[in-house]
Amino acid sequence: MGYANCKDCEQEMTPGTACKFTHIVMKNGNVVKRDIQGFGQTICHDCNSHLGGPHHYGCDAERCPICGGQLISCDCFGGTIKLVHYTAINTKGD
Ligand SMILES: [Zn+2]
Ligand SMILES: [Zn+2]
Ligand SMILES: [Zn+2]
């Protein structure tokens, strides 16, 4: 059987594939960098992201960049989690 596809970056979550979405938008509009895979393991046990790369959304190991809690169960984003590509930020201007 294959691997599941990330519903955001649409990549197949094969071992060593990090999410393409590097930042997350909070409910107040601030854009913050997402937690990265960095627990000393080479491949994330849940989403297969590689060390140093963003987790795929929904990964139970991704921490909230604001409170440090588990992202999928924290409240910092008002229940509406919006991921963005870093290039989208770079082209935003000003
Ligand atoms: Zn992804
Ligand atoms: Zn992960
Ligand atoms: Zn939080």
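Just above, that's the structure.
Residues numbered from 1 in each chain as written. Chains lettered and ligands numbered in written order. Predicted model: local features only at pLDDT ≥ 70, side-chain atom pairs only at ≥ 80, totals over all residues.

Draft legend 1. Just the sheet that holds strand β1 (residues 23-25), in detail. Sheet architecture is open: three strands sit in the order β2-β1-β3, paired in antiparallel fashion. What marks the edges here is a single partner per strand, and that holds for β2 (31-33) and β3 (82-84). Across this sheet, the average inter-strand angle for adjacent strands is 35°, counted without regard to direction. In this sheet, β3 lies alongside β1 in antiparallel orientation, the contact comprising three bridges. (Pairing = 2+ DSSP bridges. Helix = DSSP H or I, 4+ residues; strand = E, 2+ residues; numbered from the N terminus. Axes fitted to C-alpha atoms, helices over the stretch in contact; angles between N-to-C directions.)

Draft legend 2. Just the environment of Cys59, in detail. Considering the arrangement of structural elements, one finds Cys59 in the loop between β2 and β3. Once the C-alpha coordinates of Cys59 and His45 are considered, the two residues, 14 residues apart in sequence, prove to be 9.2 Å apart. Residues contacting Cys59, with those up to four places away along its chain left out, are Cys44, Asp46 and Cys47. (Contact = placed C-beta atoms within 7 Å.)

Draft legend 3. Quick look at unusual backbone geometry. With a phi close to 65°, Glu10 is a non-glycine residue in the positive phi region. Residue position: Glu10 is located in the segment before β1. Phi at Asn48 takes a positive value of approximately 75°, unusual for a residue other than glycine. Overall, the presence of 23 C-beta atoms within 10 Å leaves Asn48 in the buried class. (Buried ≥ 20, exposed ≤ 12 C-beta atoms within 10 Å, placed from the backbone.)

Draft legend 4. Structural view of the environment of Cys64. Note on placement: Cys64 falls in the loop between β2 and β3. Its 20 C-beta neighbours within 10 Å are what place Cys64 among the buried residues. When the C-alpha positions of Cys64 and Ile24 are compared, they lie 9.8 Å apart, and in sequence the two are 40 residues distant. When sequence neighbours within four positions are dropped, the list of residues in contact with Cys64 reads Gly69, Leu71, Cys74 and Cys76.

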